[in-house]
Amino acid sequence: MISYRFEYIKYKTTGLRRLFFKSVIRETTLNIKTGKMTAIIGKTGSGKTSVLYRLGLIENNSWDRYIFNGKQIDVNNEKEKAYYRASKIAYVYQDTNMFEDMTLLENFNIISDISSLDVDYEKYLSLVGLEKELLTHHVMSLSGGEKQRAALALSLIKEPELLLLDEPTSKLDQENK
């Protein structure tokens, strides 16, 4: 089980000639049961991506409390956070965050090298409905939906305990949603 205690989430916004902070979440605990899918739903600007960034250890507040499968994570310890991001947590961004000027295979190789895993690329591509022939294509030549599904395939390589998807179907056509 994942349990995250948010003290607060604020973000910068601008008004008429000044900068101010908007609080979107205060003193809240989010519990995610192992093996269950959990959706975070809200209006634009309500803090959904901020919550995912905290769960993915991309951003943190030093007062937050994060329990990951029974172990408390020190959200201020960069080495510990890097360990969890490399081995236990995968994040699929709204924008795919792949190397556009490289082939899909080269992107897969980077992830497998970082994770020290021997990867069956075709297996992960087939899980998301992509053909192995796409491995030789540069990412920039893929459609938005193909990129989104390829990003999901890349995130599945390390078989994460926590998979975070930020608007994963936003670029998919109706057939692939």
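Residues numbered from 1 in each chain as written. Predicted model: local features only at pLDDT ≥ 70, side-chain atom pairs only at ≥ 80, totals over all residues. Heavy atoms only, no water.

**Here we look at the overall build of the protein chain**
- Within the protein chain, the secondary structure is distributed over 5 helices and 6 strands.
- Ordered by position from N to C terminus, the α and β elements of the protein chain give β-β-α-β-β-α-β-α-α-α-β.
- Out of the 177 residues in the protein chain, the part that is buried amounts to 37%.
- Looking at the protein chain alone, contacts between residues at least 24 apart form 60% of all its contacts between residues at least 6 apart.
- Total accessible area on the protein chain stands at roughly 11000 Å², and carbon and sulfur atoms take up 50% of it. (Helix = DSSP H or I, 4+ residues; strand = E, 2+ residues; numbered from the N terminus. Buried < 20%, exposed > 50% of the residue type's maximum accessible area, 1.4 Å probe, protein only. Contact = heavy atoms within 4.5 Å. Areas by Shrake-Rupley, 256 points an atom, 1.4 Å probe, with all protein chains shown as cover.)

**Remarks on the nonpolar core**
- L55, Y66, F68 and I89 are the most contacted members of the largest nonpolar core, which has 18 residues in total.
- Every element with two or more residues in this core is listed here: β1 (2-14), β2 (19-32), α1 (48-55), β3 (65-68), β5 (89-92) and β6 (162-165).
- Beyond its immediate chain neighbours, meaning those up to four positions away, I89 contacts L55, G56, L57, Y66, F68, Y84, K158, P160, L162 and L164.
- Residues V119, L125, A150 and L154 belong to the second largest nonpolar core, which totals 17 residues. (Core = buried A, V, L, I, M, F, W, Y, C linked by side-chain atoms within 4.5 Å.)

**Re the packing of aromatic side chains**
- If you walk through the whole model with that rule in mind, you get 8 aromatic pairs.
- Ring geometry for Y66 and F68: centres 6.1 Å apart, planes at 65°, overall edge-to-face.
- Taking the relative accessible area as the measure of exposure, Y66 reaches 0% and is therefore buried.
- F68 gets classed as buried once you look at its relative accessible area, which sits at 2%.
- With centroids separated by 5.2 Å and ring planes inclined at 85°, the aromatic side chains of Y83 and Y84 adopt a geometry described as edge-to-face. (Phe/Tyr/Trp six-rings, centres within 6.5 Å; stacked < 30°, edge-to-face > 60°.)

**Describing the pattern of salt bridges**
- This structure, assessed with the given rule, holds 6 salt bridges.
- A salt bridge links K81 to E78, with the nearest nitrogen and oxygen atoms 3.1 Å apart. On the criterion of helical spacing, the pair formed by K81 and E78 is a turn pair, its members being 3 residues apart in helix α2 (residues 78-87).
- We classify K81 as buried; its relative accessible area is 3%. (Salt bridge = Lys/Arg side-chain N within 4 Å of Asp/Glu carboxyl O.)

**Some words on the packing of helix α3 (residues 104-115) against helix α5 (residues 144-156)**
- Packing of α3 against α5 leaves a shortest axis separation of 10 Å and a crossing angle of 25°. Looking at the two axes, α3 sits roughly parallel to α5. For the pair α3 and α5, the sense of crossing is right-handed. Along the contact surface, α3 presents L104, N107, F108 and I111, while α5 presents A150, A153 and L154. (Axes fitted to C-alpha atoms, helices over the stretch in contact; angles between N-to-C directions. Parallel < 35°, antiparallel > 145°, perpendicular 65-115°, else oblique. Left-handed = near helix turned anticlockwise from the far one by under 90°.)

**A closer look at a negative patch on the surface**
- On the surface, D118, D120, E122, E131 and E133 cluster together into a patch of negative charge.
- Judged by relative accessible area, E122 falls into the partly exposed class, the value being 43%. (Patch = residues over 30% accessible without salt bridge, like charges linked within 9 Å, V, L, I, M, F, W, Y side chains within 5 Å. Lys, Arg positive; Asp, Glu negative; His and termini not counted. Charge placed at Lys NZ, Arg CZ, Asp CG, Glu CD.)

These results come straight from atomic positions and should not be treated as a statement about function.
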